[in-house]
Amino acid sequence: MIRQMAATSWLALLMAAPLATAQAAVSEQEDTQSARYFWGVQFEEFEYRYSDDDEELGVWKADAFYGTDEFKLRWLSNGEYAIEEQAYEQLENQLVGQMPVSDFFDVKAGVRIDTPEGPDRTYAVLGVTGLAPQWFEVDANLYVSKDGDTSAELDAEYELLITNYWILVASLDATVAFSEDREIGVGKGLVSTETGLKLGYDLIDRSFSPYFGVVHERKYGDTADFAEAGGGSTEDWFAVVGARLSF
Amino acid sequence: MRVFVVTVLVSLLSWAAQAGEYNLTVDRVTIDAGEFTKQGIGYNGSSPGPVLRFKEGEEVTINVTNNLDVSTSIHWHGLILPFQMDGVPGISYDGIAPGETFTYRFPIVQSGTYWFHSHSGFQEPEGAFGAIIIEPEGREPFRFDREYVVQLTDKHPHTGDRILRNLKMSADYYNRQQQTVGDFFADAQSQGFWSALQDRLMWGDMRMMKADIEDVQGFVGMINGKSPEQNWTGLFEPGERIRLRFINSSAMTYFDVRIPGLEMTVVEADGNYVQPVSVDEFRIGVAETYDVIVRPREDRAYTIFAESMGRSGYARGTLATAEGMTAEVPELRPAPLLTMADMGGHSGMDHSGMAMGDMDMAAMESDGMSGTDGAMAMDHGSMNGDMSGQMGGSMAMDHAAMGHAMPEADDNPFYADGSGLIPEAANGGRFLAYTDLRAQRPLYEDREPTREIELRLTGNMERYIWSINGVKYEDAEPIRLQYGERVRFKFVNETMMTHPMHLHGMWSILDVGQDKWNPIKHVISVAPATTVYMETEVDAPGEWAFHCHLSYHAASGMFRKVIVEGGPDSVADGDAEAVDGQEGEA
């Protein structure tokens, strides 16, 4: 119940934020020289996944921001909903403040609240996000849970332009834990990786880009052992279909 | 007594003849761009607004009524007038509130082709602009039988707010000319795999794009409010001399203009006569104006073809002897690509380590960068330190060294040597260059400038932040000038975009190396990796705007307030009073 509320409330907020700020943007800028406040909402992933064990998932990875060139407030939301079980395998929301530290990189800090099926977690987040040389989009985060468990996540993405409209996106997401958190099935060391390859087409500007592709998820070390002990899988292949959205 | 009354009457009559009153309403309008229809903003119910015809020497009164639900403003682009009449909210005045009528009153002290536009929000890209023609007191130094305004714009389906928001989210949002996998293999075939790869790696290392010439693609080029299909048409009789008054009212787009089959004689630039120069094609920067004379002798149609500089779109119109006649519409030429020469001043490159004096940039580009390993090493370490959102420290470069080391092209010093943007006429003929412009009637005595002010044009493409000397408008101190001085402005473009710089209220005398014959302009286009000088006689007291005329660059911070201190008391106390005084006399 709480989980459902959490899920719906962030959606409601995502919808409401742009409306409120859009009005502000019009009324605030009465000259040509001082556009200051900006907002944006994006779903990097909004997709249906079908696994090699016939598991069906609804997955999203979204973020919304409001702010200036110097400081942005950003909401990141990440979820995996098991359609048959009607349960969130993963439900992660972050609220971070973000500011530039170099030409191409920002730092961010804030909180992350996980409310999936099973135990909840709250973390402090410290991260770096930006564009690395050779056009790799990089997002690296360090998490410290309330109980002091630390972990790190690295997300890298590369867009290959087949044409200016057909775009192949390769992505890699790796999680490492520096301490064990048995209750949520996380072992020390490399926890998991998610690798994706998706071919999309920009149908309406860059605001609606349907795609299809494959995603490979794998758990490692103790984390894999915990998953096996619990009767779960340690490696999954998914066929995915979805769309990138931005407003 | 009777004599006195008669005198007063006569003077009143002559005053009436010299005082034009004009009314403009600012309205929501529907703009039909052919491919799409959008809501926009116009004047007297249409976009573009009416052509305002003034006479040199008259005192104009313009009543502007704001029928919008947001505030508005009108800036009289290129007109020399009291600063309170200049129409820039936040600098000249507070703007015009919804429902309010603001009365502009100022003397017309010049002649030529100009334009007017809103200086509020993104109303200008939304259609809030029109043309101004000022008839001279004396004779024009050339003859013509008829004239047309050719006002260009780049109409985009998205609102200005949305465009800037999208650019801030993703600077390449509108760029559909990026290099693809196919381009890579084509390059690999023509220059060899390794050199193609090295080239990609160099650009990738800088995180810059060769195809980054037009930030905002997806527009429809329009002439006088007509799309290419709607085909604006100007009629003529064979043998007539036609004066075409080109005005680029685009938000973001430079156009390369030609009329296949006709030679164009450029007679005026930015409202000021220039010594006539015949060309086959010219590039018109955003907010510039060029008057050309053409003389079609045949009884047929001619296409006015204006390709965008990045070739992502075009405007088209027709000159014809009868309505409905058309001529062939040329194909768009292939899109140009920036070269390493255009990156000359890019932030994050440590130029001191580049040994540029020994390198031929153009040659380097064509041989695919082979053998440049050592020399081209870029110091990215310097970027990681002290950015702190202001772009200050990391942009520091040794300009002196760069300026001396970079030989400029002999034929056109207004582009970097080896630049990918150097234009060529479609028919292989003559393409107008800034160096071809010579003032016909210099406005000022040529004298030594009293001082030089360096303005580095700076920015961060990836973040879509634009600035001057690394500082955005909101964080910047105004530029203070003293009345009576002659200031030499040195523009150093450290970005890889072309910036049309516009100083309000005072003329920009472009240094093309012709001393007293240097052309007098109001917009100076500064190409990537070039240094351009202009001089300004500081003869207008008050507060003025000085900015890049690309709408989304101005909004992102490439903008300054200029304060002219001192000056004659009568003027400095405010021209509003002077105007009131004249009103009293009338």
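As annotated in an unreviewed UniProt entry, chain B carries the name L-ascorbate oxidase and comes from Marinobacter mobilis.

As recorded in an unreviewed UniProt entry, chain A goes by Copper resistance protein B and comes from Marinobacter mobilis.

This brings us to the overall build of chain A. Counting its secondary structure elements, chain A contains two helices and twelve strands. Beginning at the N terminus, the succession of helices and strands in chain A can be written as α-β-β-β-β-β-β-β-β-β-β-β-α-β. Counting all 247 residues of chain A, 47% fall into the buried class. Taking as baseline every contact in chain A between residues at least 6 positions apart, the subset at least 24 positions apart corresponds to 45%. Roughly 12000 Å² of accessible area belongs to chain A as shown, and the carbon and sulfur atoms make up 63% of that amount.

Turning next to a negative patch on the surface. All names here are of chain A. A surface patch of like charges, here negative, comprises Asp-52, Asp-53, Asp-54, Glu-84, Glu-85, Glu-89 and Glu-235. Note that Glu-84 resides in the loop between β3 (72-82) and β4 (87-100). On the basis of relative accessible area, Glu-84 is assigned to the exposed category, the value being 66%.

In this complex, chain B contributes 53 residues to the contact, which on the side of chain A involves 41 residues. Counting the surface lost from both chain B and chain A, the interface buries some 4100 Å², and carbon and sulfur atoms represent 50% of this. There are six salt bridges connecting chain B and chain A. The residue B:Lys472 makes a salt bridge to A:Asp69 at a minimum N-O spacing of 2.6 Å. Of all the secondary structure elements, the ones that give two or more residues to the side of chain B that touches chain A are α2 (160-169), α3 (181-191), α4 (193-206) and α7 (551-555) of chain B. Its residues placed into classes, the side of chain B that touches chain A shows 21 nonpolar, 19 polar and 13 charged.

All names here are of chain B. Taken together, the six strands give an open sheet; going across it, the order is β10-β9-β12-β17-β14-β15, and neighbouring strands pair in mixed fashion. Looking at strand neighbours, the two that pair on one side only are β10 (220-223) and β15 (272-279), the edges of this open sheet. Across this sheet, the average inter-strand angle for adjacent strands is 25°, counted without regard to direction. Relative to β10, strand β9 (residues 146-155) runs antiparallel, the two sharing four bridges.

Residues and elements named next belong to chain B. Residues given the UniProt feature "domain: Plastocyanin-like" (unreviewed entry) here are residues 30-137, 221-314 and 447-565. Along residues 30-137 one finds 0% helix and 42% strand; the C-alpha atoms at either end are 38 Å apart. Secondary structure across residues 447-565 divides into 4% helix and 51% strand, with the first and last C-alpha atoms of the span separated by 21 Å.

To continue, consider a nonpolar patch on the surface. All names here are of chain A. There is a patch of nonpolar side chains on the surface, built from Phe-71, Leu-73, Leu-95, Met-99, Val-111 and Ile-113 and spanning about 510 Å² of accessible area. When contributions to the nonpolar patch are tallied by element, the ones reaching two or more residues are β4 and β5 (105-114). Tracing the backbone through its elements, the reader meets Leu-73 in strand β3. A relative accessible area of 45% means that Leu-73 is categorised as partly exposed.

The subject of this paragraph is the packing of aromatic side chains. Here the structure, examined in full by the defined rule, presents 35 aromatic pairs over all chains. Arranged with centres 6.1 Å apart and planes meeting at 85°, the rings of A:Trp60 and A:Tyr88 form a pair that is edge-to-face. Placement of A:Trp60 in strand β2 (residues 56-67) and of A:Tyr88 in strand β4 is noted, with a sequence separation of 28 residues between them. Neither residue differs from the other here; A:Trp60 and A:Tyr88 are each classed as buried. Counting every residue linked through ring pairs, the aromatic cluster contains B:Tyr43, B:Trp76, B:Tyr93, B:Phe102, B:Tyr104, B:Phe106 and B:Phe116. If you follow A:Arg49 out to its NZ or CZ, it ends over the ring of A:Phe238, 5.7 Å from the centre. We note B:Arg165 situated over the ring of A:Trp39; from NZ or CZ to the ring centre the distance is 3.6 Å.

On the basis of which strands lie adjacent, the open sheet formed by six strands has the order β21-β20-β23-β28-β25-β26 (chain B) and mixed pairing. At either end of the open sheet lies a strand with only one pairing partner, and these are β21 (465-468) and β26 (520-521) of chain B.

All names here are of chain B. Considering all chains together, one arrives at 59 salt bridges over all chains under this definition. Where Asp-256 meets Arg-311, a salt bridge forms, and the shortest distance between an N and an O atom there is 3.0 Å. A residue pair is termed long-range when its members are at least 10 positions apart, and Asp-256 in strand β13 (residues 255-258) and Arg-311 in the loop between β18 (302-308) and β19 (314-320) qualify at 55 residues. One connected set of salt bridges, linked through shared partners, spans Arg-53, Glu-135, Glu-140, Glu-147, Arg-243, Arg-245, Glu-268 and Asp-291.

This part covers the side chain of A:Ser77. Residues and elements named next belong to chain A. Topologically, Ser-77 is positioned in strand β3. We classify Ser-77 as buried; its relative accessible area is 3%. A distance of 2.9 Å separates polar atoms of two side chains, one belonging to Ser-77 and the other to Trp-60. There is a polar contact of 3.0 Å between the side chain of Ser-77 and the side chain of Asn-93.

Another point: α3(B). All names here are of chain B. Every buried residue of α3 is accounted for by Phe-184, Asp-187 and Ala-188. Down the axis of α3, the smallest arc covering the buried residues is 105°, so these residues share one side. Across from the buried face of α3, at angles greater than 90 degrees, the exposed residues are Gln-189 and Ser-190. Packing partners of the buried residues in α3 comprise α4.

All names here are of chain B. Along the chain, Lys-490 falls in strand β23 (residues 486-493). Look at Lys-490 and you get buried, because its relative accessible area is 18%. Spatially, the C-alpha atoms of Lys-490 and Pro-238 are 46 Å apart, while their sequence positions differ by 252 residues. When neighbours within four sequence positions are excluded, Lys-490 is seen to be in contact with Glu-452, Ile-453, Glu-454, Leu-455, Thr-531, Val-532 and Tyr-533.

Our focus in this paragraph is the domain arrangement of chain B. All names here are of chain B. According to the domain assignment, chain B consists of domain 1 (2-139), domain 2 (141-177 + 213-330), domain 3 (178-212 + 336-425) and domain 4 (442-572). Distance from the C-alpha centre of domain 1 to the C-alpha centre of domain 4: 24 Å. With 19 residues of domain 1 in contact, the opposing surface of domain 4 contributes 20 residues. Between domain 1 and domain 4, roughly 1500 Å² of surface is buried when both sides are summed, and carbon and sulfur atoms account for 67% of that area. Three residues, His-77, Phe-83 and Ile-91, lead the burial of domain 1 against domain 4; their summed loss comes to 38% of the area buried on that side. Inspection of the region where domain 1 meets domain 4 yields zero salt bridges. Where domain 1 packs against domain 4, one counts eight residue pairs in polar contact (both at pLDDT 80 or more). Counting residues per element, the ones that place at least two in the side of domain 1 that touches domain 4 are β5 (75-77) and β7 (112-117). Ranked by residue count, the leading element in the side of domain 1 that touches domain 4 is β7, at three residues. For the side of domain 1 that touches domain 4, the residue count by class is ten nonpolar, seven polar and two charged.

Low-pLDDT portions of the prediction should not be read for the details of their coordinates. Residue and element names in this part refer to chain B. The pLDDT averaged across chain B works out to 87; a share of 83% of its residues lies at or above 70. Confidence drops under pLDDT 50 across residues 12-17; counting only partners more than four residues distant or on other chains, this segment forms three contacts. Ignoring residues within four places in sequence, the model shows residues 570-586, a span with pLDDT below 50, making 15 contacts including any to other chains. Our summary of model confidence lists the complex with pTM equal to 0.87 and ipTM equal to 0.89.

About the thresholds
- Residues numbered from 1 in each chain as written.
- Chains lettered and ligands numbered in written order.
- Predicted model: local features only at pLDDT ≥ 70, side-chain atom pairs only at ≥ 80, totals over all residues.
- Heavy atoms only, no water.
- Helix = DSSP H or I, 4+ residues; strand = E, 2+ residues; numbered from the N terminus.
- Buried < 20%, exposed > 50% of the residue type's maximum accessible area, 1.4 Å probe, protein only.
- Contact = heavy atoms within 4.5 Å.
- Areas by Shrake-Rupley, 256 points an atom, 1.4 Å probe, with all protein chains shown as cover.
- Patch = residues over 30% accessible without salt bridge, like charges linked within 9 Å, V, L, I, M, F, W, Y side chains within 5 Å.
- Salt bridge = Lys/Arg side-chain N within 4 Å of Asp/Glu carboxyl O.
- Lys, Arg positive; Asp, Glu negative; His and termini not counted.
- Charge placed at Lys NZ, Arg CZ, Asp CG, Glu CD.
- Buried area = accessible area lost by both parts, 1.4 Å probe.
- Nonpolar A, V, L, I, M, F, W, Y, C, P; charged D, E, K, R; others polar.
- Pairing = 2+ DSSP bridges.
- Axes fitted to C-alpha atoms, helices over the stretch in contact; angles between N-to-C directions.
- UniProt positions renumbered as here; feature names shortened; annotations may be inferred.
- Phe/Tyr/Trp six-rings, centres within 6.5 Å; stacked < 30°, edge-to-face > 60°.
- Lys NZ or Arg CZ within 6 Å of the ring centre and 35° of its normal.
- Polar contact = N/O pair within 3.5 Å; in protein donor to acceptor, adjacent residues only side chain to side chain.
- Arc of directions from axis to C-beta.
- Domains from an automatic or database assignment.
- pLDDT = per-residue confidence, 0-100.

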